[in-house]
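Per-entry structural report
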Amino acid sequence: MPMVADIRRHYPDAQIDWVVEEAYISLVRLNAHVDQIIPVALRRWRKTLWSAITRAEIVAFRQQLRARHYDLVFDTQGLLKTSVLMRMARLAPGGKRVGLANATEGSGYEPLSRIFHDQSIKVGLHTHAVMRARLVAAGALGYVADGDADFALQAPPQTHLDWMPASPYAVFFHGTARAAKQWSQEQWVALGQAIAARAVPVLLPWGSNDEKQVAQLLASQIPGAKVLPALPLMDAVSLVWRARLVVGLDTGLTHIAAAYCKPTVEIYCDSPRWKTEGNWSSAVINLGDAGLPPSGDEVLAAAMSLLD
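These numbers come from a predicted model, not from an experiment.

1. Some points on the overall build of the protein chain
Looking only at helices and strands, the protein chain has 12 helices and 11 strands in total. In terms of overall size, the protein chain behaves like a compact globule, its C-alpha atoms giving a radius of gyration of 21 Å where 308 residues would be expected to give roughly 19 Å. Seen through its C-alpha atoms, the protein chain measures out along the principal axes to roughly 65 × 45 × 35 Å. With 308 residues in all, the protein chain has 47% of them scored as buried. Long-range contacts, defined as pairs at least 24 residues apart, comprise 54% of the intrachain contacts of the protein chain with a sequence gap of at least 6. Total accessible area on the protein chain is roughly 14,800 Å²; 55% of this is exposed by carbon and sulfur atoms. If you average the places of the 30 positive and of the 28 negative side-chain charges in the protein chain, the two averages end up 8 Å apart.

2. Considering the sheet that holds strand 3 (residues 70-75)
Consider a sheet: its strands pair through backbone hydrogen bonds, and that pairing is either parallel or antiparallel. Strand order in the open sheet formed by three strands is 3-4-5, and the pairing between neighbours is parallel. Where the open sheet ends on each side, the last strands, each with one partner, are strand 3 and strand 5 (119-121). Going from strand to strand, the sheet's axes swing by 25° on average, the running direction of each strand aside. Summarising the sheet, strand 3 and strand 4 (residues 91-100) pair through five bridges and their orientation is parallel.

3. Structural notes on helix 6 (residues 129-141)
For helix 6, which comprises 13 residues, the first-to-last C-alpha distance of 19 Å matches the rise-based estimate of 18 Å (1.5 Å per residue) to within 8%. Looking at helix 6, one finds that the buried residues are Val130, Arg132, Ala133, Arg134, Val136, Ala137, Ala138 and Ala140. Of the surrounding secondary structure, the elements contacted by the buried residues of helix 6 are helix 1 (2-10), strand 3, strand 4 and strand 5.

4. Some remarks on the sheet that holds strand 6 (residues 170-173)
Read from one edge to the other, the open sheet built from six strands follows the order 8-7-6-9-10-11, with strand pairing classed as parallel. Looking at strand neighbours, the two that pair on one side only are strand 8 (226-227) and strand 11 (284-288), the edges of this open sheet. In terms of strand pairing, strand 6 meets strand 7 (residues 202-204) through two bridges, oriented parallel. Looking across to strand 7, one finds that Val171 is bridged to Leu203.

5. Considerations on the packing of aromatic side chains
In the structure shown here, the tally under the stated rule is five aromatic pairs. Geometrically, the ring pair formed by Phe172 and Trp188 is tilted, given 5.1 Å between the ring centres and 40° between the ring planes. Of this pair, Phe172 sits in strand 6 while Trp188 sits in helix 7 (residues 185-196), and the two are 16 residues apart along the sequence. One exposure class covers both Phe172 and Trp188, and it is buried. Connected via pairs of aromatic rings, a cluster forms that spans Phe172, Trp183 and Trp188.

6. Structural notes on the pattern of salt bridges
On inspection of all chains with the given rule, the structure shows 10 salt bridges. In this structure, the salt-bridge partner of Asp6 is Arg134, at a minimum N-O distance of 2.7 Å. Taken together, the residues Asp6 in helix 1 and Arg134 in helix 6 connect sequence positions 128 residues apart. Residue Arg134 is classed as buried on the basis of its relative accessible area of 2%. Here the salt bridges share partners, and the residues they tie into one network are Asp6, Arg9 and Arg134.

7. A short note on the packing of helix 1 against helix 6
Relative orientation and spacing of two packed helices are given, respectively, by the angle between their axes and the distance between those axes. With their axes 8 Å apart at the nearest point, helix 1 and helix 6 run at an angle of 30° to one another. As summarised for this structure, helix 1 and helix 6 are arranged roughly parallel, according to the angle between their axes. Crossing of helix 1 against helix 6: the hand is right-handed. Judged by residue contacts, Pro2, Met3, Asp6, Ile7 and Arg9 of helix 1 engage Val130, Ala133, Arg134, Ala137 and Leu141 from helix 6.

8. Quick word on helix 5 (residues 80-88)
Of all the positions in helix 5, only Thr82, Ser83, Leu85 and Met86 are classed as buried. The arc that holds the buried residues of helix 5, viewed along the axis, is 155°, so those residues lie on one side. Here the buried face of helix 5 lies against strand 1 (17-21), strand 2 (36-40), helix 3 (42-45), helix 4 (52-65), strand 3 and strand 4.

Cut-offs applied
Residue positions are given per chain, counted from 1 along the sequence in the order it is written. In view of the model being predicted, local features appear only for residues whose pLDDT reaches at least 70, and side-chain atom pairs are presented and counted only at 80 or more, with totals across whole chains, interfaces and linings using the full set of residues. The basis for the side-chain values is all heavy atoms of the structure; hydrogens and waters are excluded. The way it works is that DSSP assigns letters per residue, a run of H or I at least four long becomes a helix, a run of E at least two long becomes a strand, and they are numbered from the N terminus. For this measure, only C-alpha atoms enter the radius of gyration; the expected value for a globule follows 2.2 Å times N^0.38, where N is the number of residues. Between buried and exposed lies partly exposed: a residue is buried under 20% and exposed over 50% of the maximum accessible area for its type, with that area taken using a 1.4 Å probe on protein chains only. In what follows, a contact means two residues having at least one pair of non-hydrogen atoms within 4.5 Å. Accessible surface area values rest on a Shrake-Rupley calculation with a 1.4 Å probe, where residue burial reflects the displayed protein chains alone. Positive residues here are Lys and Arg, negative ones are Asp and Glu, while His and the chain termini are left out of the count. A charge is said to be at NZ when it belongs to Lys, at CZ for Arg, at CG for Asp and at CD for Glu. Strands are treated as partners if at least two bridges between them are detected by DSSP. Here the axes come from fitting lines to C-alpha atoms, over the contacting stretch only for helices, and the angles between their N-to-C directions go from 0 to 180 degrees. Multiplying one less than the number of residues by 1.5 Å gives the expected span of a helix. Stacked, edge-to-face and tilted are the three classes for Phe, Tyr and Trp ring pairs, Trp counted by its six-membered ring, which pair at centre distances within 6.5 Å; planes under 30 degrees apart are stacked, over 60 edge-to-face, the rest tilted. Whenever Lys or Arg places a side-chain nitrogen within 4 Å of a carboxyl oxygen from Asp or Glu, that contact is recorded as a salt bridge. We call two directions roughly parallel when the angle between them is under 35 degrees, roughly antiparallel when it is over 145, roughly perpendicular when it lies between 65 and 115, and oblique otherwise. We call a crossing left-handed when the near helix sits turned anticlockwise from the far one by less than a right angle, and right-handed when that turn is clockwise. What the arc covers is the set of directions going from the helix axis to the C-beta atoms.

Written as structure tokens, this is what we have:
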């Protein structure tokens, strides 16, 4: 999204389209700089690749992608699958396909993706994931990617949610796919108890049955804490948008909170902080690093500073 904002700032009249997995259409819709969203369903299609319905959907996707002639087509992920999609797009005369020339440390970059590029942009080994995309666009369009990242996210649609407190609240994004990225339950409880003592209720979302069980265990020890129901994406975004404080692990909804510049504490336990930390706002405090989870006192001090 900051890459899109950079392009719009330097080329105000640009037509900017975005190919996105169907599950995230509603999120991209919150960015006013995107003119047309083109849904793709690779995750779903690969399960039913040989069905007639899937083949028809792929044909329709390709037709939509080729309905315009593009001056530039970007792939900033450096994956073979995204480069193949980039190759499907129709170029205008003199147009080009632009992507990453190299991996950053620990990324899933696939060198074969470069065969689909007309121009490959080199980035530093330790380039933040947001800046990496900004540099690819800047290199192709001839400007400098400077200033703080601008996600240009609009507020989510305001809908009535029965579980949403009327008073200010804190959110804990305590769940993550890898066990090594988790923070100890004892520290979550101590943090929650300290926040609850400030008359700020703690809300506990979850994304799997295991995470729900952890949320229930935390709630049983944090006064006034509430385990939320299963949330669709935009309800989760609304949860973030209205929060007084967000504390979370290195996971998507924590990064959305940081993108909104909400008061956020990002906790890193098993992933390099430089790759994804919210470094564009003083409202976002990043703690820990790969193999160096922050202490409970560090997180508590950061959370209290954002509540003051």
